[in-house]
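Next come the chains, spelled out residue by residue.
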Amino acid sequence: MIEIVPYDFTWPARFDAEAASVRAALGRLALRIEHVGSTAVPGLAAKPVIDIQVSVATLEPLALYGESLAELGYRHVPLGPFDLEYPFFQKPGTWPSTHHIHLCVFGEEQERRHVAFRDYLRGHPAVGAEYVRLKRMLASLHDGATLESQERYSLSKTDFVDAVLQRALPAGNPLASGHLSS
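Residues numbered from 1 in each chain as written. Predicted model: local features only at pLDDT ≥ 70, side-chain atom pairs only at ≥ 80, totals over all residues. Heavy atoms only, no water.

Draft legend 1. View of the packing of helix α1 (residues 11-26) against helix α2 (residues 62-70). As a packed pair, α1 and α2 sit with axes 9 Å apart at the nearest point and diverge in direction by 130°. The angle between α1 and α2 places the two elements in the oblique class. In this structure, the crossing between α1 and α2 has a hand that is right-handed. Residues Val 22, Ala 25 and Leu 26 of α1 touch α2, and the partners they reach there are Tyr 65, Ser 68 and Leu 69. Within the contact of α1 with α2, the residues separate by chemical class into five nonpolar, one polar and no charged. (Axes fitted to C-alpha atoms, helices over the stretch in contact; angles between N-to-C directions. Helix = DSSP H or I, 4+ residues; strand = E, 2+ residues; numbered from the N terminus. Parallel < 35°, antiparallel > 145°, perpendicular 65-115°, else oblique. Left-handed = near helix turned anticlockwise from the far one by under 90°. Contact = heavy atoms within 4.5 Å. Nonpolar A, V, L, I, M, F, W, Y, C, P; charged D, E, K, R; others polar.)

Next comes the structure, spelled out in structure tokens:
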């Protein structure tokens, strides 16, 4: 079942610890490591999964990343064509997972979108509350028992995310302004 839980003040520390492990495993391949997703927004209810975005110079060969991340307990989850621009790994390899890694190319659209969405929610608590309401409603509709159900849950949020990004991205490119952490 997809569960939306109250904000947990340990999420940032859990991200920091995992990011250090990921950085050690990937070395110079990891150009930037970001805490993204709802657990990266203070006070926001979320699925209890730490989403980590790792920016790299190139996604090829994907096996190079997969081998390093497998040593940390991650499993690559192929997502069809989307795998070519935002490959997904989960830890542990079976449901329910505690950590997700999303690879993206440094400076490209996927990197900008996820950071801009996170930062917009951080700065607009009312929009964050609206997002939580949507996630709770969608969680009640999708059991999350299969990868397909989990994907339907995620895709059902697309219209909301796109509407937020319409507001978030014109405000400036968060990558160009140096507002990213590592």
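Picking up after the structure, the text goes on.
Draft legend 2. Structural view of the pairing of strand β1 (residues 32-36). Counting buried positions over the five residues of β1 gives five, a clear majority of the element. Here β1 shows no split at all, with Arg 32, Glu 34 and Val 36 on one side and Ile 33 and His 35 on the other all buried. (Buried < 20%, exposed > 50% of the residue type's maximum accessible area, 1.4 Å probe, protein only.)

Draft legend 3. Focus on the environment of Ala 168. If you trace the backbone, Ala 168 turns up in helix α6 (residues 158-168). Under the relative-accessibility criterion, Ala 168 is labelled buried at 8%. Residue contacts for Ala 168: discarding those within four places in its chain leaves Ala 116 and Tyr 120.

Draft legend 4. Structural detail: the sheet that holds strand β4 (residues 88-91). Pairing within the open sheet is mixed, and its five strands lie in the order β1-β2-β5-β4-β3. Across the chains shown, the open sheet's two edge strands, defined by having one partner strand only, are β1 and β3 (75-76). Sheet topology places strand β2 (residues 50-56) next to strand β5 (residues 99-105); seven bridges connect them, and they run parallel. Note on β5: the bridge partner recorded for Ile 52 is Ile 101. In this fold α1 packs onto β1, β2, β4 and β5, with an angle of close to 155° to the strand it touches most, β1. (Pairing = 2+ DSSP bridges.)

Draft legend 5. Summary view of the pattern of salt bridges. A complete count under the given rule lists six salt bridges for this structure. Across the salt bridge formed by Arg 118 and Glu 34, the nearest N and O atoms sit 2.6 Å from each other. Taken together, the positions of Arg 118 in helix α3 (residues 109-123) and Glu 34 in strand β1 put the pair 84 residues apart, joining distant regions of the chain. Accessibility classification places Arg 118 together with Glu 34 in one group, the buried group. Ionic pairing is found between Arg 122 and Asp 119, a salt bridge with its closest N-O pair at 3.7 Å. One end of the pair is Arg 122 and the other is Asp 119, both in helix α3 and three residues apart, which spans about a single turn. Residue Asp 119 is classed as partly exposed on the basis of its relative accessible area, which comes to 24%. Each of the salt bridges in this network shares a partner with another, and the network as a whole consists of Glu 34, Arg 118, Asp 119 and Arg 122. (Salt bridge = Lys/Arg side-chain N within 4 Å of Asp/Glu carboxyl O.)

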